[in-house]
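Listed here are the chains, written in short residue letters.
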Amino acid sequence: MASSVRFPPSLLRATPNPSSAFLSSKPLIVPPRRVGVFRIQCSKRRGKQRYPSEKKKLRRMAETLVKSDIKNRKEGFWRLSKLGVPLSKDPGKDFVGVSPPLLEAIAKVLEFPVASMLPQEAFSIVRKSFDARKLLKEPEFVYTVDMDVKQLLELEPRTWDFIDRLEYKVGQVEYMPIVGSGPSGLFACLVLVELGAEVTLIERGQPVEQRGRDIGALVARRILQSDSNFCFGEGGAGTWSDGKLVTRIGRNSDSVQAVMKTLVRFGAPIDILIDGKPHLGTDRLIPLLRNFRHHLEELGVILKFSTRMDDLIVENKNVLGVKVSNVRQDPGSGSYNLFYDAVVLAVGHSARDVYQMLLHHNVGLIPKDFAVGLRIEHPQELINSMQYSALAAEVREGRGKVPVADYKLVKYVGEGNSDTSSDSGDQTRSCYSFCMCPGGQVVLTSTDPSELCINGMSFSRRASRWANAAVVVTVSSNDFDAFKCHGPLAGVEFQREFEKQAALMGGGSFVVPAQTVTDFLDNKLSVTSLPPSSYRLGVKAANLHNLYPASITQALQHSISMFDKELPGFISKDALLHGVETRTSAPLKISRHSDTYESTSLNRLYPTGEGAGYAGGIVSAAVDGMYCGFALAKKLNLFQGDIESILGKAQKNTGFVKY
């Protein structure tokens, strides 16, 4: 192919040791760039790199698409590659706009007679490379350009006849996603683009700057943006969290170290490489993600924010692309198709509309265990005292010699509420603290105004006066069946049932139902004047012991009693329970082949990360995204090596993680 692939001084080719992938030896210098959007997809073998049989198949498929879905010619995007502009006519290497000579090259492909009539605004440059091979009459710059048909027709309607007869040519003229900008999507994207793939990253939410404003509107004015909130947006649900980097898949493994070094490369403090319990905090994650985004843009990744994937384009069990729409426009408006060679599905565990869409396409969805419960909050000084005794005075709101105190508690409860070992029978439930946020706050993670779901978050210094953690118990198909929830989406319906119930108990407006720990254990509501809470949208005294089925409530009560034995003082008059926490991990798994990471149901679909059921937390999701990226690159002949030699052997992670 004429357009060369640029490899930056980072990632795989930066160092002789491939296990240190993604770590740049140079400082990150990011020039101002136009903000784009996110999702992962699209790696391509082009031109002579494709096998003849593959070219023939793709041509036939393209012809079928163009003939059967001609309306998309007026709304989609065409990618024009191998556009040559002689050196003598091009403005030069530092010019990245659409020049008149480039318009002449575009007009030649379109067979449009007057190049100067083509509006520059309808074209965006994806890649610009310099070709000085001696076989050329004159050295030239070679461009890859995206043509926005809708904008082109609005500005110059006379181009329609030429677009209507535009022929699809593999590697030259193609009707042109990765889906999700959480850690899995970002790292899959990074691997693919570094290996030479052309990648489009699609994100239903907003970049971190606008996402922060949307979250501020939610907290201050109770305005919930359904696609830009604590769950959706750049960086995924982990952005507005504690930014925990702990993982159970091997802290010192090559893959985990690659993730950690990459985060340092993009602005994380270097101490995360040695900290026993590394965390970033939201305030550090935001600039880190901004640097990550700019780096991807520098490599040529196309970023599409506010772009929701509404459907997959499927033909003969092959995924050909995605149907998307702009979430900031009216529902149903601005919908268009994007065609790609592969789709990496890196959505989060709250993308319930995606699960429903996959079910419609008969994609293999397997219900899996997850955990539900309540979020408990204590004064941070109490936790410091319980954990450190006399050393508690050294915490000093995160500025002292010792870290802000946290805890991790795990117990197993069998039928009859007796302590059991972890290898007991089927009736055993795992009860544990989840996502403990020292010096943090309780936040709203609802994605629907009729539902109420919460989580915790912290800033890097963990200076809040409160400590919070979820107290959860495992639930399985036995619980779903008993609650008349069946099928692949039984776990989703199970979650929704209690999120809606919590919203009713809170009385609306995202007010959270809450109860003192002592009342919850005694099955009564004697205290209506509740202790202070960090939750900023308000709490309301409620009977949380009536929220879940009796079996779950009893397991929660018994686990809290056991936690108090291990951490005396855990049961306190100042401890407050908030409801509900249901999205501890994905409630299902999207079936995929273990070696190729490709869906077992649809070819060219690559489910990955926490939303697919293969990770739990920032690091494990990022690792899964890396493996997926390498597997897809290998399938497309962009990578010929051994993945294990770079990242080590993949961990068989099920997405069920206890922090």
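Now for a quick tour of the structure.

Reading the values: rules and limits
Residues numbered from 1 in each chain as written. Predicted model: local features only at pLDDT ≥ 70, side-chain atom pairs only at ≥ 80, totals over all residues. Heavy atoms only, no water. Helix = DSSP H or I, 4+ residues; strand = E, 2+ residues; numbered from the N terminus. Buried < 20%, exposed > 50% of the residue type's maximum accessible area, 1.4 Å probe, protein only. Areas by Shrake-Rupley, 256 points an atom, 1.4 Å probe, with all protein chains shown as cover. Phe/Tyr/Trp six-rings, centres within 6.5 Å; stacked < 30°, edge-to-face > 60°. Lys NZ or Arg CZ within 6 Å of the ring centre and 35° of its normal. Axes fitted to C-alpha atoms, helices over the stretch in contact; angles between N-to-C directions. Parallel < 35°, antiparallel > 145°, perpendicular 65-115°, else oblique. Contact = heavy atoms within 4.5 Å. Nonpolar A, V, L, I, M, F, W, Y, C, P; charged D, E, K, R; others polar. Arc of directions from axis to C-beta. Pairing = 2+ DSSP bridges. Salt bridge = Lys/Arg side-chain N within 4 Å of Asp/Glu carboxyl O. Lys, Arg positive; Asp, Glu negative; His and termini not counted. Core = buried A, V, L, I, M, F, W, Y, C linked by side-chain atoms within 4.5 Å. Disulfide = S-S within 2.5 Å. Polar contact = N/O pair within 3.5 Å; in protein donor to acceptor, adjacent residues only side chain to side chain.

This brings us to the overall build of the chain. Along its length, the chain carries 16 helices and 22 strands. For the chain, the proportion of its 659 residues judged to be buried stands at 59%. Counting every atom, the chain has about 26,700 Å² of accessible surface; 49% of that belongs to carbon and sulfur.

To continue, consider the packing of aromatic side chains. Centre distance and the angle of the planes are the two values used to describe a pair of aromatic rings. Scanning all chains against the criterion turns up 10 aromatic pairs. Note on phenylalanine 480 and phenylalanine 494: the rings are 5.1 Å apart at their centroids and 55° apart in plane angle, and the pair reads as tilted. Taken together, the residues phenylalanine 480 in helix 11 (residues 477-482) and phenylalanine 494 in helix 12 (residues 490-506) connect sequence positions 14 residues apart. Accessibility expressed as a relative area gives 2% for phenylalanine 480, which makes it buried. An aromatic cluster of three or more residues is present, and its members are Phe370, Phe480, Phe494, Phe498 and Tyr548. If you follow arginine 204 out to its NZ or CZ, it ends over the ring of phenylalanine 232, 4.3 Å from the centre. Here the basic side chain of arginine 592 rests over the ring of tyrosine 614, its NZ or CZ set 3.7 Å away from the ring centre.

Between helix 7 (residues 254-265) and helix 15 (residues 618-635), the least distance of the axes is 9 Å, while the angle of their chain directions is 105°. Regarding the angle of helix 7 to helix 15, the classification is roughly perpendicular. For the pair helix 7 and helix 15, contact is made by Ser255, Val256, Ala258, Val259 and Met260 and by Val619, Ala622, Val623, Met626 and Tyr627, respectively. Residue composition of the contact of helix 7 with helix 15, by class: 9 nonpolar, 1 polar and no charged.

Our next topic: helix 10 (residues 380-388). Restricting attention to buried positions, one finds in helix 10 the residues Gln380, Ile383, Asn384 and Met386. Angular distribution of buried residues about the axis of helix 10 spans 165°; they occupy a single face of the element. Just downstream of helix 10 lies serine 389, where phi reads positive at about 55°.

For the rest of this paragraph, the subject is the sheet that holds strand 8 (residues 318-326). Consider a sheet: its strands pair through backbone hydrogen bonds, and that pairing is either parallel or antiparallel. In spatial order, the strands read 7-8-9; together these 3 strands make up an open sheet with antiparallel pairing. In this open sheet, the two edge strands, each paired with only one partner strand, are strand 7 (307-315) and strand 9 (336-339). The mean inter-strand angle of the sheet, taken between neighbouring strand axes irrespective of direction, is 35°. Summarising the sheet, strand 8 and strand 9 pair through 4 bridges and their orientation is antiparallel. When the sheet's bridge partners are listed, glycine 321 is paired in strand 9 with phenylalanine 339.

Let's shift gears to the pairing of strand 18 (residues 512-516). Summarising burial for strand 18: 5 of the 5 residues are buried, a large majority. Residue alternation in strand 18 divides its side chains into two sets, Val512, Ala514 and Thr516 and Pro513 and Gln515, and both sets are buried. As paired elements, strand 18 and strand 19 (residues 539-541) share 3 bridges and run parallel to each other. Paired with valine 512 across the strands is valine 539, a residue of strand 19. Across 3 bridges, the pairing between strand 18 and strand 20 (residues 576-581) is antiparallel. Its bridge partner being in strand 20, threonine 516 is matched across the sheet by leucine 576.

Moving on to the environment of arginine 222. Note that arginine 222 resides in the loop between helix 6 (208-221) and helix 7. Taking the C-alpha atoms as reference points, arginine 222 and valine 511, separated by 289 residues in sequence, lie 9.9 Å from one another. When sequence neighbours within four positions are dropped, the list of residues in contact with arginine 222 reads Ala217, Ser509, Phe510, Val511 and Leu537.

This part covers the pattern of salt bridges. Throughout the structure, instances matching the rule amount to 24 salt bridges. The salt bridge involving arginine 308 is made with aspartate 310; its shortest N-O contact spans 3.1 Å. Three or more residues joined by partner-sharing salt bridges are found here, namely Arg352, Glu451, Glu493, Arg496, Glu499 and Arg583.

Time to look at the sheet that holds strand 18. Strand order in the open sheet formed by 7 strands is 13-14-17-12-20-18-19, and the pairing between neighbours is mixed. Edge positions in the sheet fall to strand 13 (410-413) and strand 19, since each has one partner strand and no second. Between one strand axis and the next, the sheet turns through 30° on average, direction left out of account. Two strands pair when backbone bridges link them, and strand 14 (residues 429-437) and strand 17 (residues 466-475) are joined in this way by 5 bridges, in the antiparallel orientation. By the bridge assignment for strand 17, phenylalanine 434 is matched with alanine 470.

Attention now goes to helix 2 (residues 100-110). Of the positions making up helix 2, those classed as buried are Pro101, Leu102, Leu103, Ala105, Ile106, Ala107 and Leu110. Looking one or two residues beyond helix 2, the residue adopting positive phi is glutamate 111, at roughly 60°.

Okay, the pairing of strand 17 next. Counting buried positions over the 10 residues of strand 17 gives 10, a clear majority of the element. Direction of pairing for strand 12 (residues 370-379) relative to strand 17: antiparallel, over a ladder of 10 bridges. Residue pairing in the sheet places valine 372 in a bridge with valine 473 of strand 17.

Moving on: the side chain of aspartate 519. Mapped onto the fold, aspartate 519 is located in helix 13 (residues 517-522). With no salt bridge to any partner, buried aspartate 519 finds its closest opposite charge in lysine 524, at an N-O distance of 4.8 Å. The contact partners of aspartate 519, leaving out residues within four places of it in the chain, are Lys524, Leu525, Ser526 and Val527.

The next point concerns the nonpolar core. Of all hydrophobic cores here, the largest spans 113 residues; its most connected members are Leu296, Tyr407, Phe494, Tyr535, Tyr548 and Phe570. Of all the elements, helix 15 adds the most residues to this core, at 11 residues. Residues within four places of tyrosine 535 in sequence aside, it is in contact with Val442, Val443, Leu444, Leu452, Ile454, Phe510 and Val512. Among the nonpolar cores identified, the runner-up in size contains 29 residues, and Val319, Val322, Tyr355 and Leu365 belong to it.

All right, on to the state of the cysteines then. Applying the stated rule across the entire model yields 0 disulfides. No disulfide involves cysteine 453; its nearest neighbouring cysteine sulfur is the one of cysteine 231, lying 6.8 Å away. With relative accessibility at 1%, the residue cysteine 453 sits in the buried group.

Along the chain, glycine 579 connects to valine 580 via a cis peptide bond; the corresponding omega equals 0°. Considering the arrangement of structural elements, one finds valine 580 in strand 20. With a phi angle near 55°, arginine 462 is a residue other than glycine that sits in the positive phi range. Assignment of secondary structure puts arginine 462 in the loop between strand 16 (454-458) and strand 17. A relative accessible area of 12% means that arginine 462 is categorised as buried.

All right, on to the side chain of arginine 79 then. Assignment of secondary structure puts arginine 79 in strand 1 (residues 77-86). Classification of arginine 79 as buried rests on a relative accessible area of 1%. Here aspartate 146 takes part through its side chain, which lies 2.8 Å from a polar atom of the side chain of arginine 79. At a separation of 2.5 Å, a polar atom in the side chain of arginine 79 contacts the side chain of glutamate 198.

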